[in-house]
Amino acid sequence: MRDFIVNILVKLGLYKPAVECINRVKFKKQARRMQQYGLEMLSQAEKAFGAMGGKAFLTFGCLLGAYREHGFINYDPDIDLGVMADELPENYRETLQQYGFELYRYNYIKESDTIFEETYLYKNLHLDIFYYFKDGQDYYSIIQRKHETKDWKEANVTDGFPCDRSYVPACDFEITDFLGVKVYVPQDTDGWLRAIYSDSYMTPIKNWNAKDYKTRIVHTQERSYRSC
């Protein structure tokens, strides 16, 4: 039934607005859950990485909220953490599971067999973990975008999804206090946020889109896939 409805919406040109409407409802619901369980989830994630001898750091919306809002952004539906791809402990998935996190999906580049993002569930909230890779004087993460025309299921079994790379200046990480939880952040947090969100990142902008601002998020020819 779902595929039938999707095909009808695609033919009528209504698939994209329908998905956007559904996502807005989901985001609002998840944002409310974030206010209830977000700090608990972040604390558990930090405990898990501490137990495995690893290091995860705030990135994207979670980093922006910590720096600009001194807390979570009130409409953010999930938590974004980064890890250095070449520093991940072998047992990190098992340890996360022990701390209440269930692997929901992961995104990967098929040609190179490279995982670049994982999503875990904790009390029905999403924890997104982005892998960071070294590239000269920069680090970069990979962002999977929506397919140009297809719904995600069709895209996942055909030509995959378009990708961007988000470049940030390479730096060390330091511990800071986030609402009573000790977390890692980039030492050059200002440089990271300028690279991701542009120089205007301190001003909240409704319906912000990287394409409208000077950032270091660049499109690539890579195509990615989901594990589910």
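Provided above is the structure to which this section pertains.
Summarised in this report is the structure supplied together with it. In this text the structure is predicted, and so the values were computed from the model without any measurement.

**What about the overall build of the protein?**
Line of reasoning, step 1. Per the secondary structure count, the protein includes six helices and ten strands.
Line of reasoning, step 2. Of all intrachain contacts in the protein linking residues separated by at least 6 positions in sequence, the fraction that spans at least 24 positions is 63%.
Line of reasoning, step 3. With an accessible surface of roughly 12,600 Å², the protein has 50% of that area assigned to carbon and sulfur atoms.

**Notes on the side chain of Thr-215**
Line of reasoning, step 1. Residue placement: Thr-215 occurs in the loop between α6 (189-197) and β10 (217-226).
Line of reasoning, step 2. At 3.2 Å, the side chain of Thr-215 and the backbone nitrogen of Ile-217 are in polar contact.
Line of reasoning, step 3. Look past the residues within four positions of Thr-215 in its chain and what remains in contact with it is Ala-195, Ile-196, Tyr-197, Ser-198, Trp-208 and Ala-210.

**Section: the nonpolar core**
As a rule of thumb, nonpolar side chains are buried together in soluble globular proteins.
Line of reasoning, step 1. Counting residues in hydrophobic clusters, the biggest one holds 56 residues, and the most contacted among them are Leu-58, Ile-79, Leu-96, Leu-127, Tyr-132 and Trp-192.
Line of reasoning, step 2. Residues in contact with Trp-192, not counting those within four places in the same chain, are Phe-57, Thr-59, Leu-63, Tyr-132, Tyr-139, Val-168, Pro-169, Cys-171, Phe-173 and Pro-186.

**Focus on the pairing of strand β5 (residues 125-135)**
Line of reasoning, step 1. With eight of its eleven residues buried, β5 lies for the most part within the structure.
Line of reasoning, step 2. Two strands pair when backbone bridges link them, and strand β2 (residues 78-84) and β5 are joined in this way by seven bridges, in the parallel orientation. For Met-84, the partnering residue across the bridge sits in β5 and is Tyr-132.
Line of reasoning, step 3. As judged from the six bridges shared by strand β4 (residues 114-122) and β5, these two strands associate in the antiparallel manner. Across the sheet, the residue bridging to Tyr-120 is Leu-127, located in β5.
Line of reasoning, step 4. Here β5 runs beside strand β6 (residues 138-144); their pairing, made up of three bridges, is antiparallel. Along β6, the bridge assignment pairs Phe-133 with Tyr-140.
Line of reasoning, step 5. The turn joining β5 and β6, which pair antiparallel and follow one another in sequence, is formed by two residues; a positive phi near 65 degrees is taken by Gly-136.

**Points about the pattern of salt bridges**
Line of reasoning, step 1. A full pass over the atoms with the stated rule returns 13 salt bridges.
Line of reasoning, step 2. Between Glu-69 and Arg-68 there is a salt bridge; the shortest N-O distance is 2.7 Å.
Line of reasoning, step 3. Taking the relative accessible area as the measure of exposure, Glu-69 reaches 37% and is therefore partly exposed.
Line of reasoning, step 4. On the basis of relative accessibility, which here comes to 13%, the residue Arg-68 falls in the buried class.
Line of reasoning, step 5. Measuring nitrogen to oxygen at the nearest pair gives 3.1 Å for the salt bridge that ties Glu-222 to Arg-165. Pair noted here: Glu-222 is in strand β10 and Arg-165 is in strand β7 (residues 161-169), with a separation of 57 residues, a long-range link.
Line of reasoning, step 6. The exposure class assigned to Arg-165 is buried, which follows from its relative accessible area of 18%.
Line of reasoning, step 7. When salt bridges with common partners are traced through the structure, they connect Glu-148, Lys-150, Asp-159 and Arg-223 into a single cluster.

**As for the pairing of strand β3 (residues 102-109)**
Line of reasoning, step 1. For β3 and β4, the ladder comprises seven bridges, and the chain directions are antiparallel. Following the sheet pairing, Asn-107 is matched in β4 by Glu-117.
Line of reasoning, step 2. Remark: four residues form the turn of the hairpin made by β3 and β4, two consecutive strands paired antiparallel; Asp-113 in that turn has positive phi of roughly 55 degrees.

**Description of the packing of helix α3 (residues 60-69) against α6**
Line of reasoning, step 1. Remark: α3 packs on α6, axes separated minimally by 11 Å, with the N-to-C direction vectors making an angle of 125 degrees. Relative to α6, α3 is oriented oblique. The chirality of how α3 crosses α6 is left-handed. In contact with Phe-60, Gly-61, Leu-63, Leu-64 and Tyr-67 of α3, α6 contributes Thr-189, Asp-190, Trp-192, Leu-193, Ile-196 and Tyr-197.

**Topic: the packing of aromatic side chains**
Line of reasoning, step 1. The final tally for this structure, using the stated rule, is 17 aromatic pairs.
Line of reasoning, step 2. On the numbers, 6.2 Å between centres and 35 degrees between planes, the contact of Tyr-108 with Tyr-225 is tilted. With Tyr-108 in strand β3 and Tyr-225 in strand β10, this residue pair connects regions lying 117 residues apart in the sequence. Here Tyr-108 matches Tyr-225 in class, with each residue buried.
Line of reasoning, step 3. A ring pair is formed by Trp-208 and Tyr-213, whose centres lie 5.7 Å apart and whose planes are at 10 degrees; its orientation type is stacked.
Line of reasoning, step 4. Note on Tyr-213: relative accessible area 29%, which makes it partly exposed.
Line of reasoning, step 5. Here Arg-93 stacks its cationic end above the ring of Tyr-106, 5.3 Å away from the centre of that ring.
Line of reasoning, step 6. Directly above the ring of Tyr-140 sits Arg-165, whose terminal nitrogen or CZ lies 4.1 Å from the centroid.

Calculation criteria
Residues numbered from 1 in each chain as written. Predicted model: local features only at pLDDT ≥ 70, side-chain atom pairs only at ≥ 80, totals over all residues. Heavy atoms only, no water. Helix = DSSP H or I, 4+ residues; strand = E, 2+ residues; numbered from the N terminus. Contact = heavy atoms within 4.5 Å. Areas by Shrake-Rupley, 256 points an atom, 1.4 Å probe, with all protein chains shown as cover. Polar contact = N/O pair within 3.5 Å; in protein donor to acceptor, adjacent residues only side chain to side chain. Core = buried A, V, L, I, M, F, W, Y, C linked by side-chain atoms within 4.5 Å. Buried < 20%, exposed > 50% of the residue type's maximum accessible area, 1.4 Å probe, protein only. Pairing = 2+ DSSP bridges. Salt bridge = Lys/Arg side-chain N within 4 Å of Asp/Glu carboxyl O. Axes fitted to C-alpha atoms, helices over the stretch in contact; angles between N-to-C directions. Parallel < 35°, antiparallel > 145°, perpendicular 65-115°, else oblique. Left-handed = near helix turned anticlockwise from the far one by under 90°. Phe/Tyr/Trp six-rings, centres within 6.5 Å; stacked < 30°, edge-to-face > 60°. Lys NZ or Arg CZ within 6 Å of the ring centre and 35° of its normal.

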